[in-house]
Amino acid sequence: MTEQIIVNTGPLIALGKMQAFASIARLPIDELKGRRAALAVGLTVIGSLGLIGRAKTLGIISKIKPFIEQARNAGIYYDHNLIEVFLKSLGE
C-alpha cells in the first residue's frame, strides 16, 4: 500500500513557483481543518518545513536555509528556536 500524504502548502504559495518542489506531489489543504480531517482518516500530514526537509533528504535541494529565509521575507513566521533545531537536525 502506498503511503498517502497530504501536504500543507499554504505557506509555500507565498514563495511562488519553486522548481525544487515540482517533483513532490502535494495537495493544498485549508490549514487546521484540513489537517484535522486528514489525520482523522489516517493520512500523513506534512507542513511547509516538513516539505522542505523532505526535499533536502531526497536530494532535490542542497540547502534549507535559503528557502526558510525566502519564506520569512514573504511574511511567513517561524519560531526562531524551531528553525535552529530543524536546521541542526538536517545538518545545517
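Residues numbered from 1 in each chain as written. Predicted model: local features only at pLDDT ≥ 70, side-chain atom pairs only at ≥ 80, totals over all residues. Heavy atoms only, no water.

### Section: the overall build of the chain
Put simply, the rule is: Helix and strand definitions follow DSSP, with helices as H or I runs of at least four residues and strands as E runs of at least two, each counted in order from the N terminus. The buried label applies to any residue whose accessible area, calculated with a 1.4 Å probe on protein chains only, is under 20% of its type's maximum; exposed applies above 50%, and partly exposed to all values in between. Only heavy atoms enter the contact rule, under which two residues are in contact if any of them lie within 4.5 Å.
Counting its secondary structure elements, the chain contains five helices and two strands. The order of α-helices and β-strands along the chain, N terminus first, is β-α-α-β-α-α-α. Burial analysis of the chain (92 residues in total) assigns 38% to the buried set. Nonlocal contacts in the chain, meaning residues at least 24 apart in sequence, comprise 58% of its contacts between residues at least 6 apart.

### Re the nonpolar core
We count it as follows: The term nonpolar core refers to a set of buried residues drawn from Ala, Val, Leu, Ile, Met, Phe, Trp, Tyr and Cys, joined through side-chain atoms within 4.5 Å.
Residues L49, I61, I64, I68, Y78 and I83 are the most contacted members of the largest nonpolar core, which totals 13 residues. Every element with two or more residues in this core is listed here: α3 (48-57), α4 (65-73) and α5 (80-89).

### Describing the packing of α4 against α5
Under the convention used in this document: Working convention: axes come from line fits to C-alpha atoms, limited for helices to the stretch in contact. Angles between N-to-C directions cover 0 to 180 degrees. The cut-offs work like this: below 35 degrees is roughly parallel, past 145 is roughly antiparallel, 65 to 115 is roughly perpendicular, and the gaps in between are oblique. Each crossing gets its hand from how the near helix is turned against the far one by less than a right angle, where anticlockwise is left-handed and clockwise is right-handed.
For the pair α4 and α5, the least separation of the axes is 11 Å and the interaxial angle reads 160°. The orientation of α4 with respect to α5, classified from their angle, is roughly antiparallel. Our pair here, α4 against α5, has a crossing hand that is right-handed. Contacts between α4 and α5 pair K65, I68 and R72 from the former with H80, I83, F86 and L87 from the latter.

### A closer look at α3
Across the ten residues of α3, seven count as buried, placing the element largely inside the fold. All of the buried residues along α3 are S48, L49, L51, I52, G53, A55 and K56.

### Some points on the side chain of S48
Rules: Contacts described as polar in this section are N or O atom pairs within 3.5 Å, which, within protein, must combine one atom able to donate a hydrogen with one able to accept it, while residues neighboring in sequence count only if both atoms come from side chains.
Among the secondary structure elements, S48 is positioned in helix α3. A distance of 2.8 Å separates polar atoms of two side chains, one belonging to S48 and the other to Y78.

### Comments concerning the confidence of the model for the chain
Predicted coordinates in regions of low pLDDT should not be interpreted in detail. Condition: Here pLDDT means the predictor's own confidence in every residue, given as a number from 0 to 100.
Across the chain, the average pLDDT comes to 74, with 66% of residues at 70 or higher. Per-residue pLDDT, averaged within each element of the chain, yields its smallest value for helix α1 (residues 10-13) (51) and its largest for α5 (94). Here residues 13-26 is a poorly scored stretch, pLDDT under 50, and it has 22 contacts once near neighbours within four places are set aside; other chains count.

### Some thoughts on the pattern of salt bridges
To keep things clear, this is the line we draw: Basic side-chain nitrogens of Lys or Arg form a salt bridge, by our definition, when they fall within 4 Å of a carboxyl oxygen of Asp or Glu.
Counted under the stated rule, the structure contains one salt bridge. Residues E92 and K56 are paired through a salt bridge, measuring 3.0 Å at the closest nitrogen-oxygen approach. Of this pair, E92 sits in the segment after α5 while K56 sits in helix α3, and the two are 36 residues apart along the sequence.

### As for α4
Formally: Summarising the geometry, the arc corresponds to the directions from the helix axis toward the C-beta atoms.
For α4, every residue scored as buried is listed here: F67, I68 and A71. Buried residues of α4, viewed axially, fall in a sector of 100°; they line one side. Along its buried surface, α4 packs onto α3 and α5.

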